[in-house]
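# Structural characterization, general
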Amino acid sequence: CILAWGAWAGSASAFTPRTRDTVVEKSVSLMPGALARQLRRNTRALHEGALSGLDRTGIHRELPNSDLAGRALESEVKRTIELLDDHAPMREVVRAFGRLAQLTTDLSFALNVSAEEPREEQFFDDFALFVERKLPKIAVTFDGYAEPHLARGDLPGFAAAIAATARRDYGGIVLSYFPVGRSRHPSDFDERSVAFAAASLETSLAVTSTARVWLYVWQHAGGDLTGTPFLESARWADPFAQDERNR
């Protein structure tokens, strides 16, 4: 798994394909009208990109070399913008958007961005499946497009921030599987549990992060932002800057 915020190492599993598909679908609903239409029109290519290199369990067969995650994201963003600028076939462009979703989703999974617990292999896949089972109960929240690293074009910093946010859930997940001083109980995984809260937060983080990087690409390629949910036209020029009213 990812041993630090930016180091890809060996094989990694994270969210399952079903969870990844859900992240993609919810992220599409947060896009400007013109982009959302293309993503939906080429939905097969989008999901192919999001699941490329994965087997049915969500395990990476081949990670993007051994480079830093932030640099991998930066490279994929640059490539996707170039595809748009070069008027590449939309199917190819949309598949690249899917690959971006794979990267942001990987970074949003707490067990992918920390390896502090030596027993992690005992529950890594189980927690991914737990998130999938709870998807119907998870109310995904969107934190908006404002993001300081994207506002200044710092994509490695953006990747680091996603991983740091995901890492906040790590300790709670570990304690759900290995409670201190007692045996594990079904209540450790019900809808009021820390594990469920972590599943909800990480799914929401994946959606928010994917929507942000997609909008970043679209805006930097000169895409039309008309119809972007939760984004006033006054902010189209700089959608990632912090809204002064929320400071």
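You'll find the structure just up there.
First, a word on what this report is: a plain description of the structure on this page. (Residues numbered from 1 in each chain as written. Predicted model: local features only at pLDDT ≥ 70, side-chain atom pairs only at ≥ 80, totals over all residues. Heavy atoms only, no water.)

## Quick notes on the overall build of the chain
- The secondary structure content of the chain amounts to ten helices and zero strands.
- Buried positions account for 53% of the 247 residues belonging to the chain.
- Long-range pairs, those at least 24 residues apart, make up 78% of the contacts in the chain between residues at least 6 apart in sequence.
- Surface exposure of the chain reaches about 11,400 Å², of which carbon and sulfur atoms provide 51%. (Helix = DSSP H or I, 4+ residues; strand = E, 2+ residues; numbered from the N terminus. Buried < 20%, exposed > 50% of the residue type's maximum accessible area, 1.4 Å probe, protein only. Contact = heavy atoms within 4.5 Å. Areas by Shrake-Rupley, 256 points an atom, 1.4 Å probe, with all protein chains shown as cover.)

## Describing the nonpolar core
- Of all hydrophobic cores here, the largest spans 71 residues; its most connected members are M31, L39, V77, F97, F127 and W214.
- In terms of residues, this core owes the most to one element, helix 10 (residues 194-220), which gives 14 residues.
- Not counting residues up to four positions away in its chain, the partners in contact with F127 are F109, L111, I173, Y177, A195, A198, A199 and E202. (Core = buried A, V, L, I, M, F, W, Y, C linked by side-chain atoms within 4.5 Å.)

## Thoughts on unusual backbone geometry
- Of note in the backbone geometry, H87 takes a positive phi value of approximately 55° without being a glycine.
- Mapped onto the fold, H87 is located in the loop between helix 4 (69-85) and helix 5 (90-107).
- For H87, a relative accessible area of 72% translates into the label exposed.
- Phi at F230 is positive, roughly 65°, even though this residue is not glycine.
- Summarising the element assignment, F230 is placed in the segment after helix 10.

## Focus: helix 4
- An ideal rise of 1.5 Å per residue puts 24 Å on 17 residues; helix 4 measures up with 24 Å between its terminal C-alpha atoms.
- Within helix 4, the full set of buried residues consists of A69, G70, A72, L73, E76, V77, T80, I81, L83 and L84. Looking down the long axis of helix 4, one finds its buried residues gathered within 165° of arc, a one-sided arrangement.
- Among the residues trailing helix 4, H87 stands out with phi positive, at a value near 55°. (Expected span 1.5 Å × (residues − 1). Arc of directions from axis to C-beta.)

## Let's talk about the packing of aromatic side chains
- Following the criterion strictly, the structure yields twelve aromatic pairs and no others.
- Between F123 and F178 the ring centres are 5.9 Å apart and the planes differ by 70°, which places this aromatic pair in the edge-to-face class. Placement of the pair is F123 in the loop between helix 5 and helix 6 (124-134) and F178 in the loop between helix 9 (170-177) and helix 10, with a sequence separation of 55 residues. There is no split in this pair, since F123 and F178 are both buried.
- Taken together, the ring pairs connect F15, F109, F123, F124, F127, F130, Y177, F178 and F189 into an aromatic cluster.
- Sitting above the plane of the F178 ring, R119 keeps its charged end 3.8 Å from the centroid. (Phe/Tyr/Trp six-rings, centres within 6.5 Å; stacked < 30°, edge-to-face > 60°. Lys NZ or Arg CZ within 6 Å of the ring centre and 35° of its normal.)

## What about the packing of helix 2 (residues 33-41) against helix 5?
- Interhelical geometry of helix 2 versus helix 5 gives an angle of 100° and a closest axis separation of 9 Å. In this view, helix 2 runs roughly perpendicular relative to helix 5, as classed from their interaxial angle. Contact residues: helix 2 offers L35, Q38 and L39, while helix 5 offers M90, V94 and F97.
- Each residue belonging to the contact of helix 2 with helix 5 can be placed in one class, and the counts come to five nonpolar, one polar and no charged. (Axes fitted to C-alpha atoms, helices over the stretch in contact; angles between N-to-C directions. Parallel < 35°, antiparallel > 145°, perpendicular 65-115°, else oblique. Nonpolar A, V, L, I, M, F, W, Y, C, P; charged D, E, K, R; others polar.)

## Digging into the environment of S200
- Take S200: it is sitting in helix 10.
- For the pair formed by S200 and I138, sequence separation is 62 residues and the distance between their alpha carbons is 5.5 Å.

Any link to function would need more than the numbers given here.
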